[in-house]
Structure formats: structure tokens, C-alpha cells
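# Remarks on the overall topology
Residue-level listing of the chains:
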Amino acid sequence: MTQDDTLNQYIREAIEMIIANENYLVLKADQNSPRKKQPYCTVKVLSSKGNSLEEFSSKDYGTTDTTMTTSVLRSILVSFNFFKNDSTESDPYYLASLCRQSLMRETVRANLKKNGLGLLTRGNTKNMTFELDNGFEERANFTASFSYVDTDSEVLTTISTAEISGNIDYIE
């Protein structure tokens, strides 16, 4: 699982906590599968950018191992899209507005913090309903930005001592 997949999963868990309905699906966007019949929300990481200079550190373990680490504060822009589909309930605009507002709940923020995420900004909720040949597709969306610390580490192993044995011959 990539880092974006992990962050997407943490954010989907927060949305599931807000909606609190096991019949409502919160999915990762852009999956190759048939469209769901029940109402659902998709979560998509749109962009990631650094918000600070990279911090470099190293720590020695014993005589041969050194851990090299870089860290940078990053922010990700996430899109939330809510779909009604065949259901007669779960108004997408209402749910999008609820989720947008509820991202400020202390329990939701604590869950995000536990997973290393902080809420930065929330965009406006938009009603994206449009006409199809056989009626209307009800949908709504909003975007939000989250912050996290992106860390990369590697362990470098070096030679601490070397023993050389043998005879040395001098030619004069």
C-alpha cells in the first residue's frame, strides 16, 4: 500500500465515523468496479505539496549502523464526492455539508491526529446534480486539505574495522 493509499484510508475512516451508517459506502475513488446501487462517497487524494524545508538527521547505532532520516511537513488536497444513486434517502448535498462541517468535531480531529493527520482547510460544498437521459444524477462534493509529516529513513551499514593479514614483500 502506498503512502497516498494509507492516507486515503485514514480519511475514509473519519468520513465513516461521521456518517455512522454501515449501509453507506465510503470508497477510494477511481476503482475499476461496477457502480454501486446504494448511496456512496468517494475519497481521492488530488495533490501533495511540501510546506517546509526538508529536515535531515542521522543517528548512529553501534559501530556499523547509521539511520539517515529526512522529514518534511506536507499537505494533501482531498476531494470528497457524494452520490445518491438508486436510493430514496441520503441526500448527497446534505451528507457533503454534514461531513464538511463535522471534520471539525473533536472526536474526528482526534482520530485524524492519531493517524498523523491534521485538518488545514475545507472548501465549499457544491451541488453537482446534473441531468441524464433518464432523469437526474444527484451528487455533491467538497475538498479539504490535510497536513502530515512525510518521513523517509534508511539504515546504512559501514565497515567499522578491517583486519589485513599476510606477508609484504619489498622489491629493491
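Below or above, wherever it landed, is the structure these notes cover. (Residues numbered from 1 in each chain as written. Predicted model: local features only at pLDDT ≥ 70, side-chain atom pairs only at ≥ 80, totals over all residues. Heavy atoms only, no water.)

Our next topic: the side chain of T69. Among the structural elements, T69 can be located in strand β4 (residues 65–83). Judged by its relative accessible area of 15%, T69 is buried. Those residues in contact with T69 that sit more than four places away from it in its chain are E55, F56, S57, T151, D152 and S153. (Helix = DSSP H or I, 4+ residues; strand = E, 2+ residues; numbered from the N terminus. Buried < 20%, exposed > 50% of the residue type's maximum accessible area, 1.4 Å probe, protein only. Contact = heavy atoms within 4.5 Å.)

On to the environment of F146. Residue placement: F146 occurs in strand β9 (residues 139–157). For F146, a relative accessible area of 0% puts it in the buried group. Not counting the four nearest positions on each side in its chain, F146 is found in contact with I11, R74, S75, I76, V78, F80, L103, L112, L117, G118, L119 and L120.

Once that is clear, we can look at the packing of aromatic side chains. Aromatic ring pairs: the centre-centre distance and the angle between the two ring planes describe each pair. Applying the stated criterion across every chain yields a total of three aromatic pairs. Measuring from centroid to centroid gives 4.8 Å for Y40 and F83, while their planes differ by 20°, and the two rings are stacked. Of the two residues, Y40 sits in strand β2 (residues 40–50) while F83 sits in strand β4, which places them 43 residues apart along the sequence. According to the relative accessible area criterion, Y40 is buried, its value standing at 7%. The exposure class assigned to F83 is buried, which follows from its relative accessible area of 9%. Between F82 and F142, the ring centres sit 6.2 Å apart and the planes meet at 15°, which makes this aromatic pair stacked. (Phe/Tyr/Trp six-rings, centres within 6.5 Å; stacked < 30°, edge-to-face > 60°.)

Moving on to helix α3 (residues 106–114). Those residues of α3 lying buried are V108, N111 and L112. On an axial view of α3, the arc spanned by its buried residues comes to 100°, and they lie on one face. Turned more than 90 degrees from where α3 packs its buried face, E106, T107, K113 and K114 sit exposed. Those residues of α3 that are buried are in contact with α1 (3–19), α2 (92–102) and β9. Just downstream of α3, G116 is the residue with a positive phi angle, here 85°. (Arc of directions from axis to C-beta.)

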